[in-house]
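Structural characterization, general
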Amino acid sequence: DIQMTQSPSSMSVSLGDTVTITCRASQDVGIYVNWFQQKPGKSPRRIISRATKLPDGVPSRFSGSRSGSDYSLTIRSLESEDVADYHCLQYDEYPLTFGSGTKLEIK
Amino acid sequence: EVQLVESGGGLVQPGRPLKLSCAASGFTFNSTWLNWIRQAPGKGLEWIALINPDGSSMYYADTVKGRFVVSKDNAKNTGYLQMNNLRSEDTAMYYCARNYIPYVMDVWGQGTSVTVSS
């Protein structure tokens, strides 16, 4: 199975910060990585598709990038509504696998 | 409005079965793949099953293979997850999410909670 090693597991951040979360794939998954945001008590919401694509309705302060087997989610000018858990997913190969998640908290 | 609504969760004893439903509306259900994903309390997301649009191909995580069966009834716009021989480690929130090719997990339901306990 493909492992998605996500870091950090948690971050204490300030409003207005730029935040970067990374997932490293244990083997090549190409562009087949999504990022999801999950607020407390809510279902996940897709915020990045195909490693770098921003779906309609997602604020432009979110962006995704890829460098080799490293996939990153960057949030610029962090807003209070961005406080949530973030998860990466690889869907290149079965079984689909998620990263372990990153919890953003406000300092 | 594009929507998925899960139901059927609850408290169930170990070894007993439970069947979850995922009702779809606002889109062409017979053109979509349907995932089931679960999240144990305080834990991350775990993909567990996927079915193709016409229900002819299914894929499972090893943790549920042989115990869970995914299906869909396109006439009823509903997907199902039949869970057999439930274990305490199956306790989780269960979500369905669609794949509307080329988009993966672009719409999620609100989840239904399953607790396996005697």
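See the structure above.
Definitions and limits used
- Residues numbered from 1 in each chain as written.
- Chains lettered and ligands numbered in written order.
- Predicted model: local features only at pLDDT ≥ 70, side-chain atom pairs only at ≥ 80, totals over all residues.
- Heavy atoms only, no water.
- Contact = heavy atoms within 4.5 Å.
- Buried area = accessible area lost by both parts, 1.4 Å probe.
- Polar contact = N/O pair within 3.5 Å; in protein donor to acceptor, adjacent residues only side chain to side chain.
- Helix = DSSP H or I, 4+ residues; strand = E, 2+ residues; numbered from the N terminus.
- Nonpolar A, V, L, I, M, F, W, Y, C, P; charged D, E, K, R; others polar.
- Buried < 20%, exposed > 50% of the residue type's maximum accessible area, 1.4 Å probe, protein only.
- Phe/Tyr/Trp six-rings, centres within 6.5 Å; stacked < 30°, edge-to-face > 60°.
- Lys NZ or Arg CZ within 6 Å of the ring centre and 35° of its normal.

**Side note on the interface of chain A and chain B**
- The interface of chain A with chain B comprises 17 residues on the first partner and 19 residues on the second.
- Summing the contributions of chain A and of chain B, the shared interface buries around 1,500 Å²; its carbon and sulfur component is 65%.
- When residues of chain A are sorted by the area they lose upon contact with chain B, R46, Y94 and F98 of chain A head the list and together hold 35% of the total.
- Across the chain A-chain B interface, the total number found is 4 residue pairs in polar contact (both at pLDDT 80 or more).
- Breaking the side of chain A that touches chain B down by element, the ones donating at least two residues are β4 (33-38) and β8 (85-90) of chain A.
- Here the side of chain A that touches chain B gets 3 residues from one element, more than from any other, and that element is β4 of chain A.
- Looking at side-chain class alone, the side of chain A that touches chain B contains 8 nonpolar, 6 polar and 3 charged residues.

**Focus: the side chain of R61 of chain A**
Residues and elements named next belong to chain A.
- Tracing the backbone through its elements, the reader meets R61 in the loop between β5 (45-48) and β6 (62-67).
- Since its relative accessible area comes to 14%, R61 is described here as buried.
- One polar contact links R61 to E81, side chain to side chain, over a distance of 2.8 Å.
- Within the local environment of R61, its side chain forms a polar contact with the side chain of D82, the two groups lying 2.7 Å apart.

**Remarks on the packing of aromatic side chains**
- For the coordinates displayed, the defined rule picks out 9 aromatic pairs over all chains.
- Each ring, one from Y94 of chain A and one from Y59 of chain B, has its centre 4.1 Å from the other, and the planes form 15°; the classification is stacked. Highlighted residues: Y94 of chain A in the loop between β8 and β9 (97-98) and Y59 of chain B in strand β6 (residues 58-60), drawn from two different chains.
- On the basis of relative accessibility, which here comes to 26%, the residue Y59 of chain B falls in the partly exposed class.
- When the ring of W33 of chain B is compared with that of Y59 of chain B, the centres are 6.4 Å apart and the planes differ by 25°; the resulting orientation is stacked. Taken as a pair, W33 of chain B in strand β4 (residues 33-39) and Y59 of chain B in strand β6 lie far apart in primary sequence, 26 residues in all.
- Grouping aromatic residues by their ring pairs yields a cluster made of F36 and F98 of chain A together with Y95 and W108 of chain B.
- Above the ring of F29 of chain B, the side-chain terminus of K72 of chain B is found at 4.2 Å from the ring centroid.
- Here the guanidinium or amino end of R98 of chain B rests over the ring plane of Y100 of chain B, the centre of that ring lying 4.5 Å away.

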